[in-house]
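# Breakdown of the fold
Chain by chain, the residues:
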Amino acid sequence: MSEVNSDWEMEMFCFQGYELPNGNTHMKLSCIGNEWTPPIMNCSLTCELSSNLQHARVNRTTTHNEITVICNTGSQTSAGMTSSTHTCQEGEFVPPVEDCSSPVCPAANATALQASVSVISDMVIRLQCSGHLAFSQGIQERVHVCTNSTWLPILEPCTSACDLPQVENAIVSVSGLQDERLTIECLPGYVTASSQTHTMTSTCIGGSWTPDVKNCAWKICSKLQSEQVNVLYDTANGVQIATAVCKTGHEFFDQSTSKTFVCGEDGVWTPDEESCLATCSALYVSNGVSERYLVNGRLVVSISCSPGFTIGYDGDGTSMTHKNYTCVNGYWSQTAVDCFPGQ
């Protein structure tokens, strides 16, 4: 090359079939301080890559003259590698680029496997177990990859996944083409402990009944027949609970205004049902005692005078030391009289 003056510029072109190390086919240079900037690079033969590379894809590295061949899933090179790196040298890749081989796996027999077979690619299939059947691990769907002429994981047939459960106090039946649906019908008076219903259904999914099968463990208690109350029903841990609150002007026999009743396994409320009673003004006895009774659903207070005291005299002048008062609609059945001295 002849000498040139500083500040000269030059454009260099590679011959056809050649390229610079950076992949370009030409470059511009400037003579600065007796040196070409950027430095002159040699053109080299271009490496041609087959467009029909089998079972692989190509990634170019940051170095333009270098490529990485990556085999598809399940494929490999003749050396047993899943990827390889090649450098372009004088128009040839070193080492030479080769196709990835595709091992052949036997066709999956859907009937024998009791599953549907979906082909994702030449090397990958998906199996879906039929109905409520499942693989040994309890899963119903699995992907298999052909590796060295073998499906991995190893193909196995789907099998029955759910055993028929034993349910207390119930009649159990199965239905469906492969007995994948379960119906539980509780015996009369019984309900399922989880939902407090007479019947429930469950489906065999992945080796388990869904939802979980529960025993029929608790009888249904009839609604409270108590009078003059407001009742709120609820369940706790599968047990029926009733909270009764007396209406205004009423109270229970023990003078409380609210009670909680729990439904027992025998279908009976505990404590025993009771109605709210009309509230009457308090009876005070200064010289005697009083006792409360429940007669025909009404509150009765019995007054008994202490010795030497009376509550009055009957028609023939006999002293009375005992008297009953009945609360009716908020009023005592007769005027209350305290005990006073007398025989």
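Attention here is on the structure that accompanies the text. (Residues numbered from 1 in each chain as written. Predicted model: local features only at pLDDT ≥ 70, side-chain atom pairs only at ≥ 80, totals over all residues. Heavy atoms only, no water.)

The next point concerns the pattern of salt bridges. Pairing is possible between side chains of opposite charge, provided their charged atoms come close. Under the defined criterion, the tally for this structure stands at five salt bridges. E251 is the salt-bridge partner of R292, the closest N and O atoms lying 3.8 Å from each other. Separated by 41 residues along the polypeptide, R292 in strand β26 (residues 288-295) and E251 in strand β22 (residues 250-251) bring together distant segments of the chain. Measuring nitrogen to oxygen at the nearest pair gives 2.8 Å for the salt bridge that ties D254 to K259. Owing to a relative accessible area of 16%, K259 belongs among the buried residues under this scheme. Bridged by salt links that share partners, the residues D254, K259 and E274 form one connected network. (Salt bridge = Lys/Arg side-chain N within 4 Å of Asp/Glu carboxyl O. Helix = DSSP H or I, 4+ residues; strand = E, 2+ residues; numbered from the N terminus. Buried < 20%, exposed > 50% of the residue type's maximum accessible area, 1.4 Å probe, protein only.)

Read across the open sheet, the four strands follow the order β26-β27-β31-β32; overall the sheet is antiparallel. Edge positions in the open sheet fall to β26 and β32 (331-332), since each of these has one partner strand only. Note: strand β31 (residues 322-328) against β32, two bridges, orientation antiparallel. Its bridge partner being in β32, V328 is matched across the sheet by Y331. (Pairing = 2+ DSSP bridges.)

Here we come to the state of the cysteines. Taken as a whole, this structure holds nine disulfides when the rule is applied. Disulfide pairing is shown between C105 and C146; the S-S distance is 1.9 Å. Disulfide C105-C146: torsion about the S-S bond near 95 degrees, hence right-handed. With a gap of 41 residues between them, C105 in the loop between β9 (92-94) and α1 (110-113) and C146 in strand β12 (residues 141-147) connect regions that are remote in the sequence. Bridging C221 to C263, the disulfide has an S-S length of 2.0 Å. Given an S-S torsion of about 90 degrees, the disulfide between C221 and C263 has right-handed geometry. Taken together, the residues C221 in the loop between β19 (216-219) and β20 (229-236) and C263 in strand β23 (residues 258-263) connect sequence positions 42 residues apart. In this structure C221 comes out as buried when scored by relative accessible area, which is 3%. (Disulfide = S-S within 2.5 Å.)

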